[in-house]
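# A structural walkthrough
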Amino acid sequence: MNIYQALKRVFVGRRLASAQLGETLLPKRLALPVFASDALSSVAYAPDEILITLSLAGMTGYLFSWQIGLAVGVVIAVVAMSYRQTVRAYPTGGGDYEVAASNLGRHAGLTVASALLVDYVLTVAVSVSAGVLNAKAMLPGIDGYEVPIAVGVIVVLALMNLRGVRDSGGVLAWPTYVFMFSMLLMLAIGFFRILVLGHSLKSETSDLTVIGAQGADQAFGWVLVAIITRAFSSGCAALTGVEAVANGVPSFRPPKSRNAASVLGLLGLIAVTMLVGIVLLANLTRVHLIDELTGTHYLKPDGSTIHTAAVTVTGQLARTVFGDWFVPGFYVVIIATLSILFLAANTAFNGFPSLASILAKDGYLPRQLHTRGDRLAYSNGIVLLAVAAIALVWGFNASVTALIQLYVVGVFISFTVGQTGMVLHWNRALRVEKDRGERRRMQRSRVVNLLGAGMTAVVLVVVLISKFTHGAYLALVAMGLMYLLMVLIRRHYDQVRDELALRPESDRALPSRVRAVVLVQQVNLPTAKAIAYAKAGRATSLMGVTISVDDEEARELMEAWRREDFGIPLRVIASPYREITQPFIRYVAEMRTENPRDVVAVYIPDYVVGNWWERLLHNQTTLLIRTRLHYMSGVMVISVPYQLSSSRRREARQGTR
């Protein structure tokens, strides 16, 4: 085992055989944290984005916070119910991509796929950045180090997922359940203290007046409507992650569809309860947030101004509810929140590789994304997602407010197209179904999907209008580029398949002659072995060829060749400019032009070494020659390996393990 394999064993774990795939499937208690952590965690930053956007209208905007929260909650409930129909109808894990491709055609499927792939990358970037932002409520000293911390978290998540879905599910379970329990407990205690005990709970920003970007008195009419719709679209970030359950159905234990539908129902119930509860409690405790980048600021009762943003909604609520009587509760909520935000990216680390694998199988992405790694996870997809997310975090300086503007567009495109495809699916199924009970079930499912398609289409229009100039256009550009890339990849694979296909008119005639050439650089054991193999091939003709860059060395090589008497001629080609590659390539090309029906077989001695640094010292010239010869028609390149002692020692070490 070399150093690379040892490190891989430590970080990724022991390899799993393909037959062990069933052991990695998830029960519902682990599937919920694996696939629902993103949707659940988004309630930790969606309320922040709602209030931050409303702050553009000054204090007037906060009058609409709870209505926006309720509206987003309704959309979550409808989408969750709609996807319950999807996982039952399409249990293979393709989700909206499979639905769209099957019912609306290839282009609709690729549109959904490009939107989801871009949105998965944004999910990782936004979730991790939001986690760092929440961590600042407890650790203000990390201010200014958001980017390296976020990058480190993404690397850890990637390593965790490379160990396999089940292993990551075990890691995720406790933080997710602690987050859900602590948030629901905080909401229950907060509402109980306010509504039952009559306590006057006020947040740390309750006495601060928010001045809008251009003055609160200017936020009226269409300006106010635009701010409200933009706040609603930002709040709809709470819906991200719902589609990952549909993409991850193959990872569930049987019965897969039923278990996935159960997780979706539970996810919808918890997400709606938490989001609406946080927005309502923030409204009752008068939580006020600003975005210092937009010009909004606080006005204190004494008339002085504050331009620094306060901590998050969750941080303020936890301090308000627990701070005066149970301080540990505040830390539990904050730690659980930042943990779930970090781990929420895990939903994308499961959804992105699964979708990429299906696309690769269909020929729209590189085939390497379809293969599973040592731990039966789609390792290449995991690494690709991590690299793309790190680039986004670095490029946007881990700013949630900046990244959120790119967010949501892709997921609502997939929602709308996918639910429209489901309506067509039920229409097609109803044409052939005769059983009355089954028809009634299909009709109910069609109504749910029709409602989901209509509602998500309305939200998509709102999101596009309200966010287009604020960064959503960048997401659309990325989706367009991804769509084009997938089309080009598929076109390439189709062209290669057509070019390689056997046809009756294909030329299958045997070559007239096989003319063998052995590349000779030294008279030694590897050269002797290459000559022996070449003789065993019984070519029509066989000769050695050496390139002379130094007269004295050439004479010594020819003398050694005569002493050994290999029984074949040696051709010496002078190279006055001390090149080796080009003269040899030119000689082989001349052999091909003499008779195009001949095949030239080039035998090249190849030193096999055991250490990585030895590879830098050997085979560099022959590597270049092999690469050049591969582009020549009618030339066969045969590498003749000769194992040096270091390679034999390495093989012995590996054989003892």
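Above this text sits the structure in question.
Residues numbered from 1 in each chain as written. Predicted model: local features only at pLDDT ≥ 70, side-chain atom pairs only at ≥ 80, totals over all residues. Heavy atoms only, no water.

### Thoughts on the environment of Ser233
Following the sequence through the fold, Ser233 ends up in helix α9 (residues 221-235). Remark: the alpha-carbon pair of Ser233 and Val408, spanning 175 residues in sequence, is separated by 7.8 Å. In this structure the side chain of Ser233 is engaged in a polar contact, spanning 2.7 Å, whose partner is the backbone oxygen of Arg230. (Helix = DSSP H or I, 4+ residues; strand = E, 2+ residues; numbered from the N terminus. Polar contact = N/O pair within 3.5 Å; in protein donor to acceptor, adjacent residues only side chain to side chain.)

### As for unusual backbone geometry
Here the amide bond leading from Pro254 into Pro255 is cis, since omega sits at -10 degrees, within 30 degrees of zero. For Arg286, which is not a glycine, the phi torsion comes out positive at approximately 60 degrees. On the secondary structure map, Arg286 appears in the loop between α11 (256-284) and β2 (297-299). In this structure, Arg538 takes a positive phi of about 50 degrees despite not being glycine. As for its placement among the helices and strands, Arg538 is situated in the loop between α19 (525-536) and β5 (541-548). Of the residues examined, Arg538 reaches a relative accessible area of 75% and is grouped as exposed. (Buried < 20%, exposed > 50% of the residue type's maximum accessible area, 1.4 Å probe, protein only.)

### Digging into the pattern of salt bridges
For the structure on display, the rule yields 10 salt bridges. The salt bridge involving Asp494 is made with Arg490; its shortest N-O contact spans 3.1 Å. Of this pair, Asp494 and Arg490 both sit in helix α18 (residues 472-500), 4 residues apart, which is roughly one turn of the helix. Under the relative-accessibility criterion, Asp494 is labelled partly exposed at 22%. Residue Arg490 is classed as partly exposed on the basis of its relative accessible area of 24%. The partner of Arg513 in a salt bridge is Asp598, with the nearest N and O atoms 2.7 Å apart. Of the two residues, Arg513 is situated in the loop between α18 and β4 (514-519) and Asp598 in the loop between α21 (581-594) and β7 (599-608); the sequence distance between them amounts to 85 residues. Classification of Arg513 by relative accessible area gives partly exposed; the value is 35%. Looking at Asp598, the relative accessible area reads 1%, which means it is buried. Several salt bridges share partner residues, and in doing so they unite Arg490, Asp494, Arg497 and Asp498 into one network. (Salt bridge = Lys/Arg side-chain N within 4 Å of Asp/Glu carboxyl O.)

### As for the sheet that holds β4
Spatial ordering of the open sheet is given by β6-β5-β4-β7-β8, a layout of 5 strands whose pairing is parallel. At either margin of the open sheet sits one strand with a lone partner, and together these are β6 (570-574) and β8 (635-643). For this sheet the average axis-to-axis angle between neighbouring strands, irrespective of direction, equals 30 degrees. With 5 bridges joining them, β4 and β5 adopt parallel strand pairing. By the bridge assignment for β5, Ala516 is matched with Leu542. Contacts from α21 reach β4, β5, β6, β7 and β8, with the element oriented near 170 degrees to β4. (Pairing = 2+ DSSP bridges. Axes fitted to C-alpha atoms, helices over the stretch in contact; angles between N-to-C directions. Contact = heavy atoms within 4.5 Å.)

### Some points on the packing of helix α7 (residues 146-162) against helix α13 (residues 327-361)
Direction vectors running N to C along α7 and α13 enclose 50 degrees, while the axes themselves pass 10 Å from each other. Between α7 and α13, the crossing angle belongs to the class labelled oblique. The handedness of the crossing between α7 and α13 comes out as right-handed. Contact residues: α7 offers Val153, Ile154, Leu157, Ala158, Met160 and Asn161, while α13 offers Phe342, Leu343, Ala345, Asn346, Phe349 and Asn350. Per-class residue counts for the contact of α7 with α13 are 9 nonpolar, 3 polar and no charged. (Parallel < 35°, antiparallel > 145°, perpendicular 65-115°, else oblique. Left-handed = near helix turned anticlockwise from the far one by under 90°. Nonpolar A, V, L, I, M, F, W, Y, C, P; charged D, E, K, R; others polar.)

### Some points on the packing of helix α3 (residues 46-54) against α11
It is at 10 Å that the axes of α3 and α11 come closest, and there the two elements cross at 40 degrees. For the element pair α3 / α11, the angle class is oblique. Here the hand of the crossing between α3 and α11 comes out right-handed. Contacts between α3 and α11 involve Ala46, Pro47 and Leu51 from the former and Leu275, Ile278, Val279 and Ala282 from the latter. Residue classes in the contact of α3 with α11 are distributed as 7 nonpolar, no polar and no charged.

### Here we look at helix α14 (residues 379-395)
Taking 1.5 Å as the rise per residue, α14 with 17 residues should run 24 Å; its terminal C-alpha atoms sit 24 Å apart, in good agreement. Of the residues making up α14, those classed as buried are Ser379, Gly381, Ile382, Leu385, Ala386, Ala389, Leu392 and Val393. Down the axis of α14, the buried set is contained in an arc of 155 degrees. They therefore lie on one face. Exposed and facing more than 90 degrees away from the buried side of α14 are Val387, Trp394 and Gly395. Just downstream of α14, Asn397 is the residue with a positive phi angle, here 55 degrees. (Expected span 1.5 Å × (residues − 1). Arc of directions from axis to C-beta.)

### Re the sheet that holds β2
One open sheet holds the 3 strands; their spatial order is β1-β2-β3, and the pairing between them is antiparallel. Edge positions in the sheet fall to β1 (209-211) and β3 (305-306), since each of these pairs with one other strand and no more. Pairing analysis gives 2 bridges linking β2 to β3, with the strands arranged antiparallel. Looking at the pairing, Leu299 lines up with Thr305 of β3.

### Quick notes on a nonpolar patch on the surface
A grouping of Phe192, Leu195, Val196, Leu197 and Leu284 is seen on the molecular surface, where their side chains present a nonpolar patch of about 480 Å² in accessible area. At 3 residues, helix α8 (residues 165-196) tops the list of elements feeding residues into the nonpolar patch. In this structure, Leu195 sits in helix α8. What makes Leu195 exposed here is its relative accessible area of 61%. (Patch = residues over 30% accessible without salt bridge, like charges linked within 9 Å, V, L, I, M, F, W, Y side chains within 5 Å. Areas by Shrake-Rupley, 256 points an atom, 1.4 Å probe, with all protein chains shown as cover.)

### Thoughts on the pairing of β7
Burial analysis of β7 places 8 of its 10 residues in the buried class, which makes it a mostly covered element. Alignment of β7 against β8, held across 9 bridges, turns out to be parallel. Across the sheet, the residue bridging to Val608 is Gln643, located in β8.

These results come straight from atomic positions and should not be treated as a statement about function.
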